[in-house]
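Fold and contact review
Each chain, letter by letter, is given below.
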Amino acid sequence: SRAGMALSVLVILLLSMLYEAVKMGKAVLLRRALLALPRSLSRQSLVEPDEQDTGSAPGSPSLMGFPIFFPSWFQYHLGQTLFHVVQVVLGYMVMLAVMSYNTWIFLGAIAGSTLGYFV
């Protein structure tokens, strides 16, 4: 029916717009995560102040340079991961809809992607 097709095109348009919004949100989180990292990744910046006084065992994460003491960085990275999962799911949903080889669905995906990027 015409109403069903119009609704399908509208849903695909909105999914494409949401895909673009998630992509931009992921870029914003990446910028914030990079700003949350310290300028220097030296051992002193990785070790917590009270842990610096006590001798760490060789091979501990603080000596290997793994950034486990960046709670804000980890939160941003977790947010980026969730945004990535949502982006992949939305991308596959739009791709499957386009693979129906319906011209109106295809045009809805293109229009949604264009509007999402513009907004």
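An unreviewed UniProt entry annotates the protein as Copper transport protein of Corythaeola cristata. Regarding the protein, the relevant UniProt record gives this comment under Sequence similarities (unreviewed entry): "Belongs to the copper transporter (Ctr) (TC 1.A.56) family. SLC31A subfamily."

Topic: the UniProt feature "signal peptide" (unreviewed entry) in the protein
Sequence positions flagged by UniProt for "signal peptide" (unreviewed entry) are, in local numbering, residues 1–21. This span, residues 1–21, is 95% helix and 0% strand, and a straight line between its end C-alpha atoms measures 30 Å.

Considering helix H6 (residues 103–118)
Because each turn of an α-helix spans 3.6 residues, side chains separated by three or four positions end up pointing in the same direction. Helix length check: H6, at 16 residues, gives a terminal C-alpha distance of 22 Å against a target of 22 Å (1.5 Å per residue), a fit within 8%. Looking only at H6, the buried set comprises Ile105, Gly108, Ala109, Gly112 and Gly116. Along the long axis of H6, the arc covered by the buried residues comes to 100°, so they all point the same way. In H6, the exposed positions angled more than 90 degrees off the buried face are occupied by Thr103, Tyr117 and Phe118. N-cap assignment for H6: the residue whose side-chain oxygen lies 2.8 Å from the backbone N of Trp104 is Asn102.

Side note on the environment of Phe106
Structurally, Phe106 is set in helix H6. On a C-alpha basis, the gap between Phe106 and Ile12 in space is 8.7 Å, while along the polypeptide they are 94 residues apart.

Things to note about the side chain of Gln87
Tracing the backbone shows Gln87 in helix H5 (residues 71–98). Note on Gln87: relative accessible area 9%, which makes it buried.

A short note on a nonpolar patch on the surface
Among the surface-exposed residues, Val88, Tyr92, Met95, Leu96, Met99 and Tyr101 lie close enough to one another that they form a single nonpolar patch of about 680 Å² accessible area. Locating Leu96 in the fold gives a position in helix H5.

Observations regarding the pattern of salt bridges
A complete count under the given rule lists one salt bridge for this structure. Between Lys23 and Glu20 there is a salt bridge, with its nearest N and O atoms 3.2 Å apart. Here Lys23 and its partner Glu20 are both found in helix H1 (residues 2–36), three residues apart, which amounts to about one turn of the helix. According to the relative accessible area criterion, Glu20 is buried, its value standing at 5%.

With respect to the nonpolar core
Grouped together as the largest cluster of nonpolar side chains are nine residues: Val9, Ile12, Leu15, Val22, Leu90, Val94, Ala97, Ile105 and Ala109. For this core, the leading source of residues is H1, giving four residues.

How each quantity is defined
- Residues numbered from 1 in each chain as written.
- Predicted model: local features only at pLDDT ≥ 70, side-chain atom pairs only at ≥ 80, totals over all residues.
- Heavy atoms only, no water.
- UniProt positions renumbered as here; feature names shortened; annotations may be inferred.
- Helix = DSSP H or I, 4+ residues; strand = E, 2+ residues; numbered from the N terminus.
- Expected span 1.5 Å × (residues − 1).
- Buried < 20%, exposed > 50% of the residue type's maximum accessible area, 1.4 Å probe, protein only.
- Arc of directions from axis to C-beta.
- Polar contact = N/O pair within 3.5 Å; in protein donor to acceptor, adjacent residues only side chain to side chain.
- Patch = residues over 30% accessible without salt bridge, like charges linked within 9 Å, V, L, I, M, F, W, Y side chains within 5 Å.
- Areas by Shrake-Rupley, 256 points an atom, 1.4 Å probe, with all protein chains shown as cover.
- Salt bridge = Lys/Arg side-chain N within 4 Å of Asp/Glu carboxyl O.
- Core = buried A, V, L, I, M, F, W, Y, C linked by side-chain atoms within 4.5 Å.

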